[in-house]
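Architecture at a glance
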Amino acid sequence: MNSGPDRRVQKTRALLHGALTSLVHEKPYDDIVVKEILGRANVGRSTFYDHYRDKDELLERGIRKMLHLDAPSRAACLHGRTDELLRFSLPFLEHIERSRDEGELPLDSGGSATVHEHLRRVLESLLVDELRGARGSSDVVPPHLLARHIAAAFVLNLEWWLEHPTLSAREVDAGFRAFVVPTLTHTLGS
C-alpha cells in the first residue's frame, strides 16, 4: 500500500520547489511568473497545474515542508511543552544558515517581504491548529491571536537576522524564544 506520492510526483514537486527557490534568490518573488518556474524546472504548464493552483501554493507548500509541522503535536502542547510547539524554529534557521554559508542564499532582505508574509501566514495556520488543543488556565488569549504572535515574532527575528548576518542560527533562535516563551508560559501554564 502506497502512503505517499509516487516517485514521479515527488521528483516533479522537487523540481518545481527548487526552481522557485533559485528564482527567489535571484529576484523579488512578486516579479517571478509561473512561466519562469516552468522553464527553470523543465516542467510543462499542465503538469504544474496538476500539482499547484499557482506560485503562491507552491511557495506555501515549500514553507510547510521546511517548517516540518505538517503533523500537529497537540499532546506535547497539552503537557505544557513549549519546546515542542517551537520545534520548527532552530531547524528552519539552521537551514537558512547552511544555505547562506554555502552561498545559495544571500541574506538580503530586499524583495523578500512577500515571502516573509507567506511564511508568517503558513506558520500561523499551522500553529493555531496545535494551540486549539493546548489551552492552559488562561482563556484570555485566543489560539489564533497567540499563533499570530508567535509567527510574527519568528518573522520579525528572521528579518532582523537579515540585517545582522553575523549572528548564528542558535543566537537568532534564542532571541525568538526570549520573545515568545514568557507569553506561552503565562498563557498555556507551561
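How each quantity is defined
- Residue indices begin from 1 for each chain and proceed along its sequence in written order.
- Reporting in this predicted model follows two pLDDT cut-offs: at least 70 for local features of residues, and 80 or more for side-chain atom pairs to be given and counted; totals over whole chains, interfaces and linings ignore these cut-offs and use all residues.
- The basis for the side-chain values is all heavy atoms of the structure; hydrogens and waters are excluded.
- Counting from the N terminus, the helices are the DSSP runs of H or I reaching at least four residues and the strands are the DSSP runs of E reaching at least two.
- Between buried and exposed lies partly exposed: a residue is buried under 20% and exposed over 50% of the maximum accessible area for its type, with that area taken using a 1.4 Å probe on protein chains only.
- Only Phe, Tyr and Trp rings are paired, with Trp represented by its six-membered ring, and only when their centres lie within 6.5 Å; those with planes under 30 degrees apart are stacked, over 60 edge-to-face, the remainder tilted.
- Helices are assigned an expected span. That span is 1.5 Å times one less than the residue count.
- Pairs of residues are marked as contacts when any of their non-hydrogen atoms sit within 4.5 Å.
- What qualifies as a polar contact is a pair of N or O atoms within 3.5 Å, subject to a donor-acceptor requirement within protein and to the restriction that residues adjacent in sequence count only when both atoms come from side chains.
- Throughout, the arc means the angular range of directions from the helix axis out to the C-beta atoms.
- A fitted line through C-alpha atoms represents every axis, and for helices the fit uses only the stretch in contact; the resulting angles, taken between N-to-C directions, go from 0 to 180 degrees.
- Working rule for angles: under 35 degrees goes down as roughly parallel, over 145 as roughly antiparallel, 65 to 115 as roughly perpendicular, anything else as oblique.
- Rotating anticlockwise by less than a right angle from the far helix to the near helix defines a left-handed crossing, while the corresponding clockwise rotation defines a right-handed one.
- Basic side-chain nitrogens of Lys or Arg form a salt bridge, by our definition, when they fall within 4 Å of a carboxyl oxygen of Asp or Glu.

1. Looking at the environment of Asp129
If you trace the backbone, Asp129 turns up in helix 8 (residues 113-132). Overall, the relative accessible area of 30% leaves Asp129 in the partly exposed class. Considering only alpha carbons, one finds Asp129 and Ala147, 18 residues apart in sequence, at a separation of 8.8 Å.

2. Focus: the packing of aromatic side chains
The tally for this structure, following the rule as stated, stands at 6 aromatic pairs. When the ring of Phe48 is compared with that of Tyr49, the centres are 5.0 Å apart and the planes differ by 85°; the resulting orientation is edge-to-face. Exposure remark for Phe48: the relative accessible area of 0% places this residue in the buried category. What makes Tyr49 partly exposed here is its relative accessible area of 40%. With centroids separated by 5.1 Å and ring planes inclined at 75°, the aromatic side chains of Phe88 and Phe154 adopt a geometry described as edge-to-face.

3. As for the environment of Gly175
Checked against the element boundaries, Gly175 lands in helix 10 (residues 169-188). A residue is classified by how much of its surface remains accessible, and Gly175, at 24% relative accessible area, is partly exposed. Counting along the chain gives 21 residues from Gly175 to Phe154, while the straight-line C-alpha distance between them is 9.3 Å.

4. Focus on helix 7 (residues 89-101)
Taking 1.5 Å per residue as the helical rise, helix 7 with its 13 residues ought to reach 18 Å, and the 18 Å between its terminal C-alpha atoms agrees with that figure. Regarding helix 7, the residues found buried are Ser89, Leu90, Phe92, Leu93, Ile96, Glu97, Ser99 and Arg100. Along its buried surface, helix 7 packs onto helix 4 (55-67), helix 8, helix 9 (143-163) and helix 10.

5. A few points about the side chain of Thr187
Of note, Thr187 is situated in helix 10. Classification of Thr187 as buried rests on a relative accessible area of 1%. Here the side chain of Thr187 touches Thr183 through a polar contact of 2.8 Å, landing on its backbone oxygen.

6. Considerations on unusual backbone geometry
Of note in this structure, Asn42 is not a glycine but carries a positive phi near 55°. The topology assignment puts Asn42 in the loop between helix 2 (34-41) and helix 3 (45-51). By relative accessible area, Asn42 is classed as exposed at 71%.

7. Focus on helix 2
When we look at burial in helix 2, the residues that qualify are Val34, Ile37, Leu38 and Ala41. Mapping the buried residues of helix 2 onto a view down its axis gives an arc of 100°, with all of them on the same face. Helix 2 presents Lys35 and Gly39 as exposed residues on the side facing more than 90 degrees away from its buried surface. Contact partners of the buried residues in helix 2: helix 1 (7-26), helix 3 and helix 4. Asn42 sits one or two residues past helix 2 and shows a positive phi near 55°.

8. Some remarks on the side chain of His51
Position of His51 relative to the elements: it lies in helix 3. A polar atom in the side chain of His51 sits 3.4 Å from the side chain of Arg13. Once residues within four sequence positions are removed from consideration, His51 is found in contact with Val9, Thr12, Arg13, Glu57 and Arg61.

9. Focus: the packing of helix 7 against helix 9
Running from N to C, helix 7 and helix 9 point in directions that differ by 20°, and their axes come no closer than 12 Å. Of the possible angle classes, the one that applies to helix 7 and helix 9 is roughly parallel. For the pair helix 7 and helix 9, the crossing hand works out as right-handed. Each of Ser89, Phe92, Leu93, Ile96, Glu97 and Arg100 in helix 7 lies in contact with helix 9, whose residues at this interface are Phe154, Leu158 and Trp161.

10. Regarding the pattern of salt bridges
Inspection of the entire model under this criterion finds 14 salt bridges. Close ionic contact of Glu57 with Arg61 constitutes a salt bridge, the shortest N to O distance being 2.7 Å. Here Glu57 and its partner Arg61 are both found in helix 4, 4 residues apart, which amounts to about one turn of the helix. Since its relative accessible area comes to 14%, Glu57 is described here as buried. One salt-bridge network, held together by shared partners, links Glu117, Arg120, Glu124 and Arg148.

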